[in-house]
Amino acid sequence: MVNVTASENHIEVRELRLSYGVKEVIHGISFDIRRNEILGVIGPAQSGKTSLLRCLNRTIDFTPDTHVSGTITVDGEDVRRVRNVYALRRKIGMVAPLPVGLPLSIYDNVAFAPRSAGLNRKGELDLMVEQCLRQAALWDEVKDRLDSLGTKLSGGQQQRLTIARALSHQPEILCLDEFSIAIDPVTTMRIEDVLKELRRHMTIILVTNLTQQARRLADRTMFLWKGEIVELDTTNVIFSDKPRDSRTRDYVEGIFG
Amino acid sequence: MQCGPPNAPCGRWGGEKILEALVYLCGFSAIIFVLGIFVFVFKEALPVLTNENFSLSQFLFSSDWYPTSESNKRYGVFAMIAGTVSVTGLAMVIAVPFGLGAAIYLSEFCGQKTRETLKIVIEFLAAVPSVVWGFIGLTVMSKLIVQYTGAPVGVNVLNGGIILALMSVPIIVSISEDALKAVPDSYREAAIALGVTRWQLVWRVLLPAAKQGLLAAVLLGVGRGVGETMAVLMATGHAVHIPHSVLDSVRTLTANIAAELGEAPAGSDHYRVLFLTGVLLFTITFGVNLIADTIVRGIRRK
């Protein structure tokens, strides 16, 4: 499906600028994301984290009056020039802050993307649904009620359902946008374990408000503030006593004002 | 009288009680009105049921309608039931795909400006009085039908169906569009992020999510079709006849009442049978609503 021989950079962002109307929210940022790493993205609200993800899978197209410049390449391909934007989106799994159960059964939620891509054989679908639900650590809790509505699950279960759904189209990149906002610490830890497992075969972008979560999981961490990169370095450096920028230390230690 | 919290002034609590009672009354007035209409119509119709010259099965299943015959009066409305069903049915066959299609286009595919313009035009369509629709059916449409199908008369099921479809489309469009718009945007984003095309989004997410509202839209359209009087009176030819094709003229239950009630002497059998037709119409629409309600409840429970 993809030429894995490409450079070790899975995603390259160059001079990315984004404005909503006349208000610029991302001011020309450049960085790389390596293959099979977990990149933590930290920063306060309104710093452009979610907008960045939406530029990546081009769901930004659906917000009227936006202007994007600069380039984002995935596997060496410019996302704004790809021939098949649906294939691009299938390459990227997206998990939103609040779980969005589509108004379908648990099974259909997970089978949604494969079906839309043309997979209809029951046996294969069954297998796939089970595998994704297992990967998201949800299978044991729902295996007896796959036919009930996804929206009937608890918040934490629904969030794991959206993770299973994001995995269902076998993405190479998984983006998690503050996935733990609506779930309890125990479930969060379970999902974090899942992510550690998944990093072996996919690139993960972990946008999070919990700096400690980035510290636990990320290989490298990026501190994004007001649409600019303050610092991007290995997680060890970012969370050490001496990051390059004093703002990083202040933010990480919670004395950022 | 027992007052509310110890320190609250009594007057305010009295006022609140009165308001409560008023709102209560408003709520229950709906039931009173429905019952009142039913009782009134049924009371006018009732005596004919016990009349020995009248049989209910003949009323429902015979298509002999000779209410003013000197020797042998017969009151069978089966042909008019068939007329109502055929005209409404044809109208829905035309209006439902059109209406749903337009609603999908409006809510998912067109730009802001086009949407505003189209909505104004569609609302204008809804504001055309039904007698004007009837007039269009009688003059413009019937000529076109004669010209293109070679039918002997242009006022028939096809004509009435098209006119009725045009009348129900605005209702179906505006309610379906509301239903589609009510589907949260987060569903759209979630589905789009999974890599589905816009059509797949519509088929697999939006239509299932909005099905309750869409069903309500269609059934309101049916209700409009069954109840519409003036336009179909003018456009369907008013012939008591079970239609064999869409080019046959028919008479509907509503048109029959409208045309004959003024002629029927008050208190006569004819007059009472027309009221019984009213009861029948009432029962049909009640049935449609009940079915709709049951389906909607069923969907909700699941």
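Above this text you will find the structure in question.
Counting from 1, residues in each chain are numbered in the order their sequence is written. The lettering of chains begins at A and the numbering of ligands begins at 1, in the order of writing. In keeping with the predicted nature of the model, local features appear solely for residues at pLDDT of at least 70, side-chain atom pairs appear and are counted solely at 80 or more, and the whole-chain, interface and lining totals rest on all residues. Side-chain numbers here rest on the full set of heavy atoms in the structure, without hydrogens or water.

**Comments concerning the sheet that holds strand β1 (residues 9–20) of chain A**
Residue and element names in this part refer to chain A.
Step number 1: Whether two strands pair comes down to DSSP finding at least two bridges between them. Helix numbering and strand numbering both begin at the N terminus, where a helix is a DSSP run of H or I of at least 4 residues and a strand a DSSP run of E of at least 2. A sheet is described by the order of its strands in space; here four strands give the open sequence β2-β1-β4-β5, paired in antiparallel fashion. Looking along the sheet, the strands with just one partner apiece sit at the ends: β2 (23–34) and β5 (77–78).
Step number 2: Bridge count between strand β4 (residues 66–74) and β5: two bridges; the pairing is antiparallel. Across the sheet, residue V74 finds its bridge partner in β5, namely E77.

**Brief notes about the pairing of β4 of chain A**
Residue and element names in this part refer to chain A.
Step number 1: Across eight bridges, the pairing between β1 and β4 is antiparallel. Across the sheet, residue R14 finds its bridge partner in β4, namely T71.
Step number 2: Hairpin connection between β4 and β5: a loop of two residues separates the two successive antiparallel strands, and D75 in this loop has a positive phi of roughly 50°.

**Thoughts on the interface of chain B and chain A**
Step number 1: Whether two residues touch is decided by their heavy atoms; if any such pair falls within 4.5 Å, the residues are in contact. Listed per partner, the contact involves 18 residues of chain B and 23 residues of chain A.
Step number 2: Buried surface at the junction of chain B and chain A, summed over both partners, amounts to about 1800 Å²; 66% is from carbon and sulfur atoms.
Step number 3: In short, buried area is how much 1.4 Å probe accessible area vanishes from two parts on joining, totalled over both. When the buried surface of chain B facing chain A is broken down by residue, A193, L194 and R204 of chain B rank first, second and third, together holding 34% of it.
Step number 4: Polar contact is the term for a pair of N or O atoms within 3.5 Å; when the atoms are in protein, one must be able to donate a hydrogen and the other to accept it, and sequence-neighboring residues count only if both atoms are side-chain atoms. Where chain B meets chain A, there are three residue pairs in polar contact (both at pLDDT 80 or more).
Step number 5: Contributing elements (two or more residues each) for the side of chain B that touches chain A: α7 (185–193) and α8 (198–209) of chain B.
Step number 6: By residue number, the principal contributor to the side of chain B that touches chain A is α7 of chain B, which donates seven residues.
Step number 7: Classifying every residue of the side of chain B that touches chain A gives nine nonpolar, four polar and five charged. All residues other than Ala, Val, Leu, Ile, Met, Phe, Trp, Tyr, Cys, Pro, Asp, Glu, Lys and Arg, Gly among them, are scored as polar; the first ten of these are nonpolar and the last four charged.

**Quick word on helix α11 (residues 253–260) of chain B**
Step number 1: The cut-offs for exposure are 20% and 50% of the maximum accessible area for each residue type, with area from a 1.4 Å probe on protein chains only; residues under the lower value are buried, those over the upper are exposed, and the others partly exposed. The element α11 of chain B is extensively covered by neighbouring structure, given that six of its eight residues are classed as buried.
Step number 2: Here α11 of chain B has its buried residues at L253, T254, A255, N256, I257 and E260 of chain B.

**Examining the packing of aromatic side chains**
Residues and elements named next belong to chain B.
Step number 1: In summary, the pairing rule links any two rings of Phe, Tyr or Trp, Trp by its six-membered ring, whose centres are within 6.5 Å, and it sorts them by plane angle into stacked for under 30 degrees, edge-to-face for over 60 and tilted for everything else. Following the criterion strictly, the structure yields ten aromatic pairs over all chains and no others.
Step number 2: Aromatic pair Y24 and F28: ring centres 5.2 Å apart, planes at 45°, arrangement tilted. Placement of both Y24 and F28 in helix α1 (residues 10–49) is noted, with a separation of four residues, approximately one turn of the helix.
Step number 3: Judged by its relative accessible area of 57%, Y24 is exposed.
Step number 4: Look at F38 and F42: their rings are 5.6 Å apart centre to centre, the planes differ by 10°, and that puts the pair in the stacked class.

**Observations regarding helix α6 (residues 157–181) of chain B**
Step number 1: Residue count minus one, scaled by 1.5 Å, sets the expected span of a helix. Between its terminal C-alpha atoms α6 of chain B stretches 34 Å, which fits the 36 Å expected from 25 residues at 1.5 Å a residue.
Step number 2: To get the bend at any residue, fit one axis to the seven residues that end at it and another to the seven that begin at it, then take the angle between the two axes. Most pronounced at S168 of chain B, the bend in α6 of chain B amounts to some 35°, and the proline P170 of chain B follows within four residues.

**Points about the sheet that holds strand β6 (residues 92–95) of chain A**
Residue and element names in this part refer to chain A.
Step number 1: As summarised here, the arrangement of the six strands in space is β6-β7-β8-β3-β9-β10, forming an open sheet in which the pairing is mixed. Edge strands, defined here as strands with exactly one partner in the open sheet, are β6 and β10 (228–234). Averaged over neighbouring strand pairs, the angle between their axes works out to 15° when direction is ignored.
Step number 2: Sheet topology note: the strand β9 (residues 220–225)/β10 ladder contains six bridges and is antiparallel. Across the sheet, F223 pairs through a bridge with E231, a residue of β10. Angles here are taken between N-to-C directions and fall from 0 to 180 degrees, while the axes themselves are lines fitted to C-alpha atoms, restricted in helices to the stretch in contact.

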